[in-house]
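# Secondary and tertiary structure notes
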Amino acid sequence: MIKTAMSFATGCVLFLQLPTLPSNNWFWLALFNIVLFHFTKTRLVAIAVFAALLTFWTSLSIVNDRLDTSFMGQDLRITGSIASVPEYHDKSVRFDFKPHSEQFPKTIKLSWYQPIPKQLIAGEQWQLTVRLKPPYGTMNPGGFDYERWLFQHGIGATGYIKKNVHNKRLAPAPSYHINQLRQTLTQTIKLHLPHSENIGLIQGLLTGIRHNIALQQWQTLQYSGTSHLLAISGLHIGLAAAIGFFFFRSLWAIRANNLLTLPAKQVGAIKQLNGSQVLAVAALLILLVDPLAVLSVGFWLSFSAVAIILFLSQNRFPKPTWQWAKIHVFIAFGLTPLLLLFALQTSFIAPLANIVAVPLVSIIIVPLLLLAATLLWLYPPAGVMLLNIAD
């Protein structure tokens, strides 16, 4: 499975090195690729070719969904729904917009300048007058490639909203809309912690909405090598896995006869799996759903970090006393070549900072915030108390 995942990732990466999309005739290669799958010696090559063709198909779909240049420079009246949590800034608000009409791209990134509406909610339906352009962006060496980011996220046009009397809200957001729930939670946090300097950090850890984090705080996280804590990362997934383990173990142990059939711990853990195989399957599933994930720096950093942890932790007995500290050191220096390759910053104090920050955030702060979010819904006074403790 490891070789399969590596071959698949290689096919995705190699295709994305092409300067332009090839002719559609290349899809006929899929027929020849079926033959390659039948032979053991060429199977890995066939997997790489299949991955390249899948990346081709995904890329072609995104390129074909870009704004028709005939719409440029025109005032366009469009209707659709807000598809992301609006990002409020001093003089503007930005959000993704999904038009109802098929003549426009499926996803548009819009900016609304002053006068800004009092409150935009994810999931609302609006009629807007806009000026649009295809997703262009400049790229300087070592700088952020905005056009590549738009391509990776399937955004077919960018633009801004013009002041017009016909701009109006058509329908409220449905109560089940996930982004609306995230936005409501961030507003609740702001309501109960109005003067906290940590609002952006708390919102980021709890909802993944990170645009309210102050620039100075981002710099502190980057210089200390702890910015990974603000991702929906292994900290959150590990906590969710632990909750699931204890829940199913306890549920199975309620009936004593169940324990005669299967131990409660085995039910909680489902089954023992080889960590490297699980990592390979995870990478393969992600790339099958989204082959453009290889464009994300986070994809490579996340899988590399977990691979280092598995290498240091598995099948090494007896484990050294300072294994937990050793892992932080190896991750910090093991990821440095990747960080330099992607023109990102690296921090030599990261091992020391993470020895303190990772247990603090994963064992104390994140569980406190998740419990606070639940109690804000069930019993608000207790939720507010936990928010203040986390703050």
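Quick summary incoming for the structure in this document.

Parameters and conventions
Residues numbered from 1 in each chain as written. Predicted model: local features only at pLDDT ≥ 70, side-chain atom pairs only at ≥ 80, totals over all residues. Heavy atoms only, no water. Buried < 20%, exposed > 50% of the residue type's maximum accessible area, 1.4 Å probe, protein only. Helix = DSSP H or I, 4+ residues; strand = E, 2+ residues; numbered from the N terminus. Pairing = 2+ DSSP bridges. Core = buried A, V, L, I, M, F, W, Y, C linked by side-chain atoms within 4.5 Å. Contact = heavy atoms within 4.5 Å. Patch = residues over 30% accessible without salt bridge, like charges linked within 9 Å, V, L, I, M, F, W, Y side chains within 5 Å. Areas by Shrake-Rupley, 256 points an atom, 1.4 Å probe, with all protein chains shown as cover. Salt bridge = Lys/Arg side-chain N within 4 Å of Asp/Glu carboxyl O. Axes fitted to C-alpha atoms, helices over the stretch in contact; angles between N-to-C directions. Parallel < 35°, antiparallel > 145°, perpendicular 65-115°, else oblique. Nonpolar A, V, L, I, M, F, W, Y, C, P; charged D, E, K, R; others polar.

Turning our eyes to something else, we now look at the pairing of strand β4 (residues 108-113). β4 sits mainly inside the fold: 5 of its 6 residues count as buried. Two elements, strand β3 (residues 92-99) and β4, share 6 bridges in a ladder whose sense is antiparallel. Each residue of the ladder has a partner; that of F95, found in β4, is L110. Bridge count between β4 and strand β6 (residues 157-161): 5 bridges; the pairing is parallel. Each residue of the ladder has a partner; that of K109, found in β6, is T158.

Core analysis: the biggest nonpolar cluster contains 24 residues, and L193, I202, L205, V361, L369 and L387 have the highest contact counts within it. If you list the elements that add at least two residues to this core, you get α6 (199-207), α15 (350-378) and α16 (380-390). Non-local contacts of L369, meaning those with residues more than four positions away in its chain, are made with I202, L205, L206, L387 and A390. Among the nonpolar cores identified, the runner-up in size contains 19 residues, and V93, F95, L132 and A157 belong to it.

All right, on to the pairing of strand β5 (residues 125-133) then. Alignment of strand β1 (residues 76-82) against β5, held across 6 bridges, turns out to be antiparallel. Within β5, the position partnered with I78 by the bridge is L128.

A separate point is a nonpolar patch on the surface. Together, M1, F37, F50, V281, L285, L288 and V289 line one region of the surface with nonpolar side chains, adding up to about 630 Å² of accessible area. Here the nonpolar patch gets 4 residues from one element, more than from any other, and that element is helix α11 (residues 275-289). Mapped onto the elements of the fold, L285 is located in helix α11.

With that settled, the discussion passes to the pattern of salt bridges. Applying the stated criterion across every chain yields a total of 5 salt bridges. The residue R94 makes a salt bridge to E87 at a minimum N-O spacing of 3.5 Å. Taking relative accessible area as the criterion, E87 reaches 23% and is therefore assigned partly exposed. Through salt bridges with shared partners, one network takes in D75, R131 and K162.

Taken N-terminus to C-terminus, the directions of α11 and helix α12 (residues 297-313) make an angle of 170 degrees; their axes are 10 Å apart at the nearest point. As summarised for this structure, α11 and α12 are arranged roughly antiparallel, according to the angle between their axes. Between α11 and α12, the residues in contact are G275, S276, L279, A282, A283, I286 and L287 and F299, F303, V306, A307 and L310, respectively. Residues belonging to the contact of α11 with α12 are distributed by class as follows: 10 nonpolar, 2 polar and no charged.

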